Amino acid sequence: MTGVVDDQRWSLVIPVKRLAAAKSRLAAPLGRHRAELALAIASDTVMAAVECPRVAEVIVVTGDPLAAGALADLGAHPVADEPDAGLNPALRHGARSAVRRRPDAGVCAMSADLPALRAAELDRVLAAAARHATAFLADTPGVGTTLYAASPGAAFRPGFEGSSRLRHRAAGAVEIDLADVPGARRDVDTLADLREAARLGVGPHTAKLLGRLSF
Ligand SMILES: Nc1nc2c(ncn2[C@@H]2O[C@H](COP(=O)(O)OP(=O)(O)OP(=O)(O)O)[C@@H](O)[C@H]2O)c(=O)[nH]1
Ligand SMILES: C=C(OP(=O)(O)O)C(=O)O
């Protein structure tokens, strides 16, 4: 893209499903601690985003009052989960709010499932995203997407869920090709994912909970 802005700033739109329904693939191993883990992971994701120099604002889209309060305490701006029709509509709603609040910022949707995310990694990913109208980062298995970004003025059309890497690519978004951003790619859906994130080093909320559970 021409006119690349090296210091482009971003509104991060982070969706957080109702905690009682979240992380269903961890229900068997975690039992009653599942909702607590979902919130700890979202808290570490939001904390890294808030600390990232290129991030102007973090908007959390959630219908969960406990998550909204806890993530606001970490510096996020919560908005309602409207129209309450799943992930991509929630992201589009959050993006409209982001553009109203900061018209000069790019809009970047990012999963709340990244407990090993580091602010410096996210900063490098966003610097790469600013070179394109729309861009995305594939997850560790290379099937899904952890982050989808639209520069100012570009249409924001998130296509998360399932094989979203191919979907984003087919829609013309450019894949961000950075080798060493493992925390930004490692989303956690299963126990094996959680173990791998723990090996990378998770943030303080997740670390504390895993310590308590002797994980
Ligand atoms: N606001 C909002 N966020 C959602 C919704 N569905 C999923 N998410 C979020 O989207 C991201 C990816 O979620 P998924 O992996 O599909 O769901 P999950 O709850 O993390 O895990 P599973 O229950 O195992 O599918 C996470 O940040 C979720 O919190 C939704 O309907 N509304
Ligand atoms: C929503 C997605 O991933 P997951 O359900 O694996 O978290 C995705 O990769 O688009």
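The structure we're discussing is the one just above.
Residues numbered from 1 in each chain as written. Chains lettered and ligands numbered in written order. Predicted model: local features only at pLDDT ≥ 70, side-chain atom pairs only at ≥ 80, totals over all residues. Heavy atoms only, no water.

Colleague: So what exactly am I meant to see when it comes to helix 2 (residues 34–51) here?
Modeller: Since the α-helix advances by 3.6 residues per turn, residues separated by three or four positions end up pointing in the same direction. Here helix 2 contains 18 residues, and its C-alpha end-to-end distance of 26 Å stays within 8% of the 26 Å for a straight helix at 1.5 Å per residue. Within helix 2, 13 of the 18 residues are buried, leaving the element largely enclosed by the surrounding structure. (Helix = DSSP H or I, 4+ residues; strand = E, 2+ residues; numbered from the N terminus. Expected span 1.5 Å × (residues − 1). Buried < 20%, exposed > 50% of the residue type's maximum accessible area, 1.4 Å probe, protein only.)

Colleague: Help me out: how do you make sense of the sheet that holds strand 1 (residues 10–16) in this one?
Modeller: Strand pairs in the sheet, formed through backbone hydrogen bonds, run parallel or antiparallel to each other. The strand order across the open sheet formed by 7 strands is 3-2-1-4-6-5-7, and the pairing between neighbours is mixed. On the outer flanks of this sheet lie strand 3 (77–79) and strand 7 (174–175), each paired with one strand and no other. Inspection of the sheet shows strand 5 (residues 134–138) paired to strand 6 (residues 145–150) by 5 bridges, in the antiparallel sense. Counted as the bridge partner of Leu137 is Leu147 from strand 6. On the sheet, helix 4 (residues 87–101) packs against strand 1, strand 2 (55–62), strand 3 and strand 4 (106–110) and is oriented at approximately 140° with respect to strand 2. (Pairing = 2+ DSSP bridges. Contact = heavy atoms within 4.5 Å. Axes fitted to C-alpha atoms, helices over the stretch in contact; angles between N-to-C directions.)

Colleague: What am I meant to see in the packing of helix 2 against helix 9 (residues 204–212) here?
Modeller: If you want to describe how two helices pack, look at the angle between their axes and the distance between the axes. Contact pair helix 2 / helix 9: the axes reach a minimum separation of 7 Å and the direction vectors enclose 150°. With respect to helix 9, the axis of helix 2 lies roughly antiparallel. Between helix 2 and helix 9, the contacting residues are Glu36, Leu37, Ala40, Ile41, Ser43, Asp44 and Met47 on the first element and Pro204, His205, Thr206, Leu209, Leu210 and Arg212 on the second. (Parallel < 35°, antiparallel > 145°, perpendicular 65-115°, else oblique.)

Colleague: Even after reading the chapter, I still don't get unusual backbone geometry, so can you show me in this structure?
Modeller: A negative phi angle is the norm for most residues apart from glycine, just as the trans form is the norm for most peptide bonds. Cis rather than trans, the peptide bond between Glu82 and Pro83 has omega equal to 5°. Relative to the elements of secondary structure, Pro83 occurs in the loop between strand 3 and helix 4. With a phi angle near 55°, Lys23 is a residue other than glycine that sits in the positive phi range. Mapped onto the fold, Lys23 is located in the loop between strand 1 and helix 1 (27–30). Positioned with a positive phi, Asp84 is a non-glycine residue whose angle comes to about 60°. Summarising the element assignment, Asp84 is placed in the loop between strand 3 and helix 4. Residue Asp84 is classed as exposed on the basis of its relative accessible area of 63%.

Colleague: Would you explain the site of ligand 1 in this entry?
Modeller: The immediate surroundings of ligand 1 are formed by 17 residues, with Pro15, Lys23, Ser24, Arg25 and Asp81 found nearest. Contacts to ligand 1 include Ser24, whose side-chain N or O atom sits 2.7 Å from an oxygen atom. Between ligand 1 and the protein, one listed contact pairs a nitrogen atom with a backbone N or O atom of Val61 at 3.0 Å. For ligand 1, whose free accessible area comes to 610 Å², the fraction covered by protein is 85%. One can see that ligand 1 is located within the largest pocket. Of all the secondary structure elements, the ones that give two or more residues to the shell around ligand 1 are strand 1 and helix 4. Residue composition of the shell around ligand 1, by class: 8 nonpolar, 3 polar and 6 charged. (Near = heavy atom within 4 Å. Polar contact = N/O pair within 3.5 Å; in protein donor to acceptor, adjacent residues only side chain to side chain. Areas by Shrake-Rupley, 256 points an atom, 1.4 Å probe, with all protein chains shown as cover. 1 Å grid on protein atoms, 1.4 Å probe; cavity = no way out; pocket = protein on both sides within 12 Å on 5 of 7 lines; lining within 4 Å. Sits in = over half its atoms within 2 Å of the grid points. Nonpolar A, V, L, I, M, F, W, Y, C, P; charged D, E, K, R; others polar.)

Colleague: Would you mind showing me how to read the pairing of strand 1 here?
Modeller: When a strand is regular, its side chains alternate between the sheet's two faces. Within strand 1, 7 of the 7 residues are buried, leaving the element largely enclosed by the surrounding structure. By the alternation rule, side chains of strand 1 split into Trp10, Leu12, Ile14 and Val16 and Ser11, Val13 and Pro15, which are all buried. The sheet contact formed by strand 1 and strand 2 spans 7 bridges and is parallel. When the bridges of strand 2 are listed, Trp10 appears paired with Val55.

Colleague: Explanation requested: the site of ligand 2 in the structure shown.
Modeller: All residues in the neighbourhood of ligand 2 are listed as Arg25, Leu87, Asp113, Gly144, Thr145, Phe160, Glu161, Ser164, Asp187 and Asp189. Note that an oxygen atom of ligand 2 is positioned 3.5 Å from one of the side-chain N or O atoms of Arg25. One nitrogen or oxygen atom from the side chain of Asp189 is found 2.8 Å from an oxygen atom belonging to ligand 2. Starting from 300 Å² of accessible surface for ligand 2 in isolation, the protein chains cover 79%. When atom positions are compared with the pocket grids, ligand 2 is found to occupy the largest pocket. Tallied by class, the residues present in the shell around ligand 2 amount to 2 nonpolar, 3 polar and 5 charged.

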